[in-house]
Amino acid sequence: MRTQIVAGNWKMNCNLDESLHLLNALKLKDFTKAEVEVVIAPPYTNLYAIHQNLSDSSIKISSQNINENEEGAYTGEISPDMLKSVGVEYVIIGHSERRAIYNESNELLAEKVTSALKHGFKIMFCIGEMLDQRKAEKHFDVVKKQLEKGLFHLSASEMKHVVIAYEPVWAIGTGETASPEQAQDIHQYIRQVLAEKYNQDVAEQTSILYGGSVKPNNAREIFAKKDVDGGLIGGASLDADSFAEIVMSF
Ligand code: PEP
């Protein structure tokens, strides 16, 4: 019933040649059996070329960020309309690296969400706790607050355009993953929070992805959990074979 999604976040990796090489390797994979939406999030500079080279592939394109303003004097930023014009369908908002390194606050992320929605993007909204918050057993409170401040200004019908990515910060790029049970517990909790804020339909229809060192050897166990609807994949998405194996883990 819910859309299953595997998304690759290429982060600040792959120049133009490398991006096209990776795309070509992915296009050779047969993802049709997996019944999963496959999304890639290359760096900004390569979005146009990737879009031009997708040909009849079902792979969808995401950006890794979006600016909340329409246009104007925002040196170095990329507007929603610019992303639309190069074939972007999804936008990642609130990745922990944006929150931590670029100080993106919940309030700013809420503005980005509003802007992305206005421009017709699907949103992958990232939430997740830091290691000290997990150790202090605050992870449930942390994700609830991130949802409330960043996302819950949306109406129930607007939530149809949102996918949530739960990514514990201590598991991103560290080789350490949440156990399948830890992932299930918090995904179930997120669904409960959605039901309390909106209704059971929104809770049941919203795809919740897990992110944090998902690899071919652990994807199957994590994706098998009832409330895990796919993954946001960093490191392993840079290798076509590994990414394809993860996609096929459903
Ligand atoms: C990410 O950056 O969203 C991520 C989950 O990275 P990795 O898979 O490398 O932990």
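Residue positions are counted from 1 within each chain, in the order its sequence is given. Given that this is a predicted model, residues contribute local features only at a pLDDT of at least 70 and side-chain atom pairs are listed and counted only at 80 or more, while totals for whole chains, interfaces and linings are drawn from all residues. Hydrogens and water molecules were not included; the side-chain quantities draw on all heavy atoms of the structure.

Colleague: Is there a simple way to explain the overall build of the protein chain in this structure?
Modeller: Secondary structure elements are taken from DSSP: a helix is a run of H or I of four residues or more, a strand is a run of E of two residues or more, and numbering for both begins at the N terminus. Across its full length, the protein chain carries eleven helices and eight strands. Computation of the radius of gyration draws on C-alpha atoms alone. For the globule rule, the value is 2.2 Å times the number of residues to the power 0.38. The globule rule puts the C-alpha radius of gyration for 250 residues at 18 Å, and the 17 Å found for the protein chain is close to it. In terms of overall dimensions, the protein chain has a C-alpha envelope of 45 × 45 × 35 Å along the principal axes. A simple rule labels every residue: compare its accessible area, found with a 1.4 Å probe on the protein chains alone, to the largest value its type can have, and call it buried under 20%, exposed over 50%, or partly exposed in between. By residue count, 54% of the 250 residues in the protein chain fall in the buried class. Here the contacts in the protein chain between residues at least 6 apart in sequence split such that 72% fall between residues at least 24 apart. By element, 48% of the accessible surface of the protein chain is carried by carbon and sulfur atoms, the whole surface being about 11500 Å². Both charge centroids of the protein chain, one from 25 positive and one from 35 negative side chains, sit 2 Å from each other. Residues count as neighbours in contact if any of their non-hydrogen atoms are within 4.5 Å of one another. Only the protein chains shown count as covering a residue, and every accessible area follows the Shrake-Rupley method with a 1.4 Å probe. Only four residue types enter the tally: Lys and Arg on the positive side, Asp and Glu on the negative side; His and the chain ends are excluded. A single reference atom marks each charge: NZ on Lys, CZ on Arg, CG on Asp, CD on Glu.

Colleague: Would you take a moment to explain the pairing of strand E8 (residues 230-233) for this structure?
Modeller: Neither face of E8 is exposed, since Gly230 and Leu232 on one face and Gly231 and Ile233 on the opposite face are all buried. Two strands qualify as a pair provided DSSP detects at least 2 bridges between them. As paired strands, strand E7 (residues 208-211) and E8 are joined by two bridges and run parallel to one another. Paired with Gly211 across the bridge in E8 is Leu232.

Colleague: I would appreciate a short explanation of the sheet that holds E7 in the present structure.
Modeller: Either a parallel or an antiparallel arrangement is found when strands of a sheet pair, and the pairing is made through backbone hydrogen bonds. Strand order in this closed barrel of eight strands is E1-E2-E3-E4-E5-E6-E7-E8, and the pairing throughout is parallel. Looking at each pair of strands side by side, their axes are set apart by 25° on average, direction ignored. Of the pairings in the sheet, the one linking strand E5 (residues 122-127) to strand E6 (residues 162-166) comprises five bridges and is parallel in character. Residue pairing in the sheet places Ile123 in a bridge with Val162 of E6. Inter-axis angles, ranging from 0 to 180 degrees, are taken between N-to-C directions of lines fitted to C-alpha atoms, where helices are fitted over the stretch in contact. In this fold helix H8 (residues 180-197) packs onto E5, E6 and E7, with an angle of close to 145° to the strand it touches most, E7.

Colleague: I'm lost on helix H1 (residues 16-27) in this one. Help?
Modeller: Helical periodicity: at 3.6 residues per turn, an α-helix aligns residues three or four positions apart in one direction. To estimate how far a helix should reach, multiply one less than its number of residues by 1.5 Å. In a regular helix each residue adds 1.5 Å, so twelve residues correspond to 16 Å; H1 covers 16 Å between its end C-alpha atoms and thus fits that length. Of all the positions in H1, only Ser19, Leu20, Leu22, Leu23 and Leu26 are classed as buried. Each buried residue of H1 sits inside an arc of 160° when the element is viewed along its axis, so together they form one side. In H1, the exposed positions angled more than 90 degrees off the buried face are occupied by Asp17 and His21. In this context, the arc is that of the directions from the helix axis out to the C-beta atoms.

Colleague: What is the right way to look at the side chain of Glu104 in this model?
Modeller: Inspection of the secondary structure assignment puts Glu104 in the loop between helix H4 (96-101) and helix H5 (106-118). By relative accessible area, which is 7% here, Glu104 ends up buried. What qualifies as a polar contact is a pair of N or O atoms within 3.5 Å, subject to a donor-acceptor requirement within protein and to the restriction that residues adjacent in sequence count only when both atoms come from side chains. Engagement of the side chain of Glu104 in a polar contact is seen with the side chain of Lys112, the distance being 3.0 Å. In contact with Glu104, not counting residues within four places along its chain, are Asn65, Arg98, Arg99, Leu109 and Lys112.

Colleague: For this particular structure, what's the right way to read the UniProt feature "binding site: substrate" (unreviewed entry) in the protein chain?
Modeller: UniProt positions are given in the numbering used here, feature names are shortened, and annotations may be inferred rather than shown by experiment. Those places that UniProt annotates as "binding site: substrate" (unreviewed entry) correspond, in this numbering, to Asn9, Trp10, Lys11, Gly173, Ser213, Gly234 and Gly235. Taken together, the annotated residues stretch across 227 residues yet fold into one region, lying no more than 14.0 Å apart by C-alpha. Considering only the annotated residues already named, the ones lining the largest pocket are Asn9 and Lys11. With respect to the helices and strands, the residue Asn9 is situated in strand E1 (residues 5-9). If near-sequence neighbours (up to four positions away) are discounted, Asn9 is found in contact with Ala41, Gln64, Ile92, His95, Leu232, Ile233, Gly234 and Ser237. There is a polar contact of 3.5 Å between the side chain of Asn9 and the side chain of His95. Positionally, Gly173 belongs in the loop between E6 and H8. Using a relative accessible area of 74% as the deciding quantity, one classes Gly173 as exposed. Put simply, the grid is 1 Å and covers the protein atoms alone, a cavity is a trapped set of points that fit a 1.4 Å probe, a pocket is an open set with protein on both sides within 12 Å along at least five of seven lines, and lining residues have an atom within 4 Å of a point.

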